[in-house]
Amino acid sequence: MLLIECPHCGPRNESEFHYGDQAHIARPEHNEGMSDQEWAEYVYLRENPKGLFRERWCHTAGCGRWFNAVRDTVSSRIMATYKTGEEAPIGADQEGGQL
Amino acid sequence: MRYSAFSLLRNTLSHHKNWPQMWDNPDPLPEYDVIIIGGGGHGLATAYYLASQHGITNVAVLEKAWIGGGNTGRNTTIVRSNYLWDESAKLYETALKLWENLSQELNYNVMFSQRGVMNLCHNVHDVRETKRRVNANRLNGIDSEFLDAQQVKEFCPAIDLRGGGRYPVMGASLQRRGGTARHDAVAWGYARGAAKRGVHIIQNCPVTGFDIEGGVIKGVQTAKGAIKAKRVGMVVAGHSSVLANMAGFKLPLHCRPLQALVSEPVKPAIDCVVMSNAVHAYISQSDKGELVIGAGTDAYCSYGQRGSMHNTEGTLAAICEMFPQFRRMKMLRAWGGIVDTCPDASPIIGHTPVKGLYINCGWGTGGFKATPGSGFVFADTIANERPHPLAEPFALSRFSTGYLIGEHGAAGVAH
Ligand SMILES: Cc1cc2nc3c(=O)[nH]c(=O)nc-3n(C[C@H](O)[C@H](O)[C@H](O)COP(=O)(O)OP(=O)(O)OC[C@H]3O[C@@H](n4cnc5c(N)ncnc54)[C@H](O)[C@@H]3O)c2cc1C
Ligand SMILES: [Zn+2]
């Protein structure tokens, strides 16, 4: 079981959380003219990286708020958690890189 | 050498010292007609059918570590074909028919045992869903029946229908032609059959990059140097996103750890496969006597090949409620594999955005049962450079056309 630091409540057991997969996916603006392929990219295509990953978690059994984490998907070590709307402590270019 | 009672006798007389090696370990050639990346069951089956069905024998299977060491060697070996939708039913039933003759075809005992697979229902909703699936199966010509609680007890006397009060058994679907097979033997049997026809099985050879020119595949970069090929099939299960990334495209996959465990060996106690999708538990007994138990997936993306303890605890709790006599058994080993699941719980087979690079992935928690069928249609796809008719609905493009094949009910997590 992971120990996850909710940025609002502090460290809690993984079983209090709900996973939300890849973070920082913005719904495309001006989407009237978007092709099916572009919609597929937004809805389905994901990084699913081996290594560092910026992902979402929701503290469902606690404060109920969504936040983001940077986690290594090989060791499952959580490098940082941060509030929604904040910048990730690692950039997209480091994603998938292993520690 | 053909395996037979005679070859067994002859090798017994020489104290089993002269059995020939099943396949060689050749160094890679600079170029092949077809390269298959990934020496799991699906990759090896693809190579085997390329050689046996299409006469394409200048083929290399490039395996990162050792063949069958991925999910092929980690799964709970349940084989069945009772999927809901027509597209899946046809694909999985094609595989099941191939299973029924596989030991003969490969001259290798894959220990396919059609002992019957039951999927339990624990509430009224499960009963409705299951009946619907049984009816859909029958319309597709797949053997499938609905058992009421009493019939479940007759088929598998070890079950406690009360399920400890938490998981009462209200009925089940039963596919009598379903069962289990020996996972390693499947990899080895296909490898031996392919190697005999000239395919190179190259182990300890991870693919580290692709050579692509103008959107067309030219070859791959590996730990053993560059290897050229005009056609490349990528069958790497849990590493599909990683390789797709190297080739410059993304997949709709989510990697999760899925766990299994086995108990100490005991005398025969359960002679069928029992699965419960609702409680993420499934159980059968191996020929060695171990209870083989499958657990659920962890919630998050992982490449760690191990899962967390609270998952196995949950599964074992459910198993103990349904089979109280297993309560005092000790577990011997537990392990995990990385499963590549699609949003619709169906596989992806066919073209990629790179010309000449084909993909077969997304089998997630349930691809072992499909191994022969998957290899069969994928070999045909690569040989003819167009999707096999059974594979066509499973194209990557279904995520933009919206033609998803939702099999969460039939696939769930339990297999
Ligand atoms: C615990 C568990 C239980 C399961 N239970 C069942 C079940 O009961 N029934 C069922 O039908 N299915 C089950 N499955 C699912 C099933 O195991 C998989 O869907 C199936 O084995 C995938 O087959 P494969 O041969 O393609 O994968 P794998 O055997 O994983 O083969 C992929 C291969 O690609 C290799 N590879 C990766 N990267 C590279 C690279 N860069 N270069 C070269 N090679 C590479 C890997 O080393 C690996 O050997 C289970 C899975 C798990 C983990
Ligand atoms: Zn919180």
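Up top is the structure these notes are about.
Residues numbered from 1 in each chain as written. Chains lettered and ligands numbered in written order. Predicted model: local features only at pLDDT ≥ 70, side-chain atom pairs only at ≥ 80, totals over all residues. Heavy atoms only, no water.

### Remarks on the side chain of T46 of chain B
Residues and elements named next belong to chain B.
Argument step 1. Tracing the chain through its elements places T46 in helix α2 (residues 41-54).
Argument step 2. Since its relative accessible area comes to 0%, T46 is described here as buried.
Argument step 3. Those residues within four positions of T46 in sequence are excluded, and the remaining contacts are I36, G375, F378, A379 and I382. (Helix = DSSP H or I, 4+ residues; strand = E, 2+ residues; numbered from the N terminus. Buried < 20%, exposed > 50% of the residue type's maximum accessible area, 1.4 Å probe, protein only. Contact = heavy atoms within 4.5 Å.)

### Comments concerning the coordination of the zinc ion (ligand 2)
Residues and elements named next belong to chain A.
Argument step 1. Ligation of the zinc ion (ligand 2) by protein atoms is provided by C6 (SG), C9 (SG), H59 (ND1) and C63 (SG), these donors lying 2.0 to 2.3 Å from the ion.
Argument step 2. Geometry at the zinc ion (ligand 2) is tetrahedral, judged from its 4 donor atoms and the angles of 103 to 119 degrees they form at the metal.
Argument step 3. Here the donor residues of the zinc ion (ligand 2) are spaced in sequence according to C-x2-C-x49-H-x3-C. In this pair, C6 is assigned in strand β1 (residues 3-6) and H59 in the loop between β4 (52-58) and β5 (66-72), connecting sequence segments 53 residues apart. Across the pair, H59 and C6 agree in class, each one buried. (Donors = N, O, S within 2.8 Å, 3.2 Å for Na, K, Ca; no water. Tetrahedral: all angles 85-135°; square planar, octahedral: opposite > 155°, others 65-115°.)

### Things to note about the sheet that holds strand β15 (residues 291-297) of chain B
All names here are of chain B.
Argument step 1. Ordered in space as β5-β6-β4-β13-β14-β15-β12-β16, the 8 strands form an open sheet in which the pairing is mixed. The open sheet has two free edges, formed respectively by β5 (145-148) and β16 (331-341), since each of these has just one partner strand. Recorded for the sheet is a direction-independent mean angle of 20 degrees between the axes of neighbouring strands.
Argument step 2. In this structure, strand β13 (residues 273-276) lies alongside strand β14 (residues 281-285), joined through 3 bridges in antiparallel fashion. Residue pairing across strands places V274 opposite I283, the latter belonging to β14. (Pairing = 2+ DSSP bridges. Axes fitted to C-alpha atoms, helices over the stretch in contact; angles between N-to-C directions.)

### Here's the deal with the pattern of salt bridges
Residues and elements named next belong to chain B.
Argument step 1. Scanning the model with the defined rule gives 17 salt bridges over all chains in all.
Argument step 2. The salt bridge partner of R177 is E93, with a shortest N-O separation of 2.8 Å. Here E93 lies in helix α3 (residues 86-100) and R177 lies in the loop between β6 (171-175) and β7 (179-180), a separation of 84 residues in the sequence. The same class applies to R177 and to E93, which are both buried.
Argument step 3. Between R176 and E145 there is a salt bridge, and its shortest N-O distance comes to 2.8 Å. Of this pair, R176 sits in the loop between β6 and β7 while E145 sits in strand β5, placing them 31 residues apart in sequence.
Argument step 4. Its relative accessible area of 42% is what places R176 among the partly exposed residues.
Argument step 5. E145 sits in the partly exposed class, given a relative accessible area of 24%.
Argument step 6. In this structure, a network of salt bridges that share partners links the residues E93, K97, E100, D143 and R177. (Salt bridge = Lys/Arg side-chain N within 4 Å of Asp/Glu carboxyl O.)

### A look at the site of ligand 1
All names here are of chain B.
Argument step 1. E63, N71, T72, T76 and K369 are the nearest of the 36 residues found near ligand 1.
Argument step 2. Burial of ligand 1 by the protein chains amounts to 97% of its free accessible area of 1,000 Å².
Argument step 3. Looking at the shell around ligand 1, the elements that each hand over two or more residues are α2, β12 (254-263) and β16.
Argument step 4. When residues of the shell around ligand 1 are assigned to their parent elements, the largest contribution, 3 residues, is made by β12.
Argument step 5. Here the residues of the shell around ligand 1 sort into 14 nonpolar, 18 polar and 4 charged. (Near = heavy atom within 4 Å. Areas by Shrake-Rupley, 256 points an atom, 1.4 Å probe, with all protein chains shown as cover. Nonpolar A, V, L, I, M, F, W, Y, C, P; charged D, E, K, R; others polar.)

### Description of the environment of I142 of chain B
Residue and element names in this part refer to chain B.
Argument step 1. Within the secondary structure, I142 is located in the loop between α5 (124-139) and β5.
Argument step 2. The buried category is assigned to I142, whose relative accessible area is 3%.
Argument step 3. Sequence-wise, I142 and K90 are 52 residues apart; in three dimensions their C-alpha atoms are separated by 9.1 Å.
Argument step 4. Ignoring any residue separated from it by four or fewer positions in sequence, one finds I142 in contact with S81, N82, A89, E93, N137 and Q175.

### Quick notes on the pairing of strand β6 (residues 78-83) of chain A
Residues and elements named next belong to chain A.
Argument step 1. Note that β5 and β6 share 5 bridges and pair antiparallel. Considered in β6, the bridge of N68 is made with Y82.
Argument step 2. Between β5 and β6, which pair antiparallel in sequence order, lie 5 residues; one of them, S76, sits at a positive phi of approximately 65 degrees.

Purely geometric numbers; function is a separate question.
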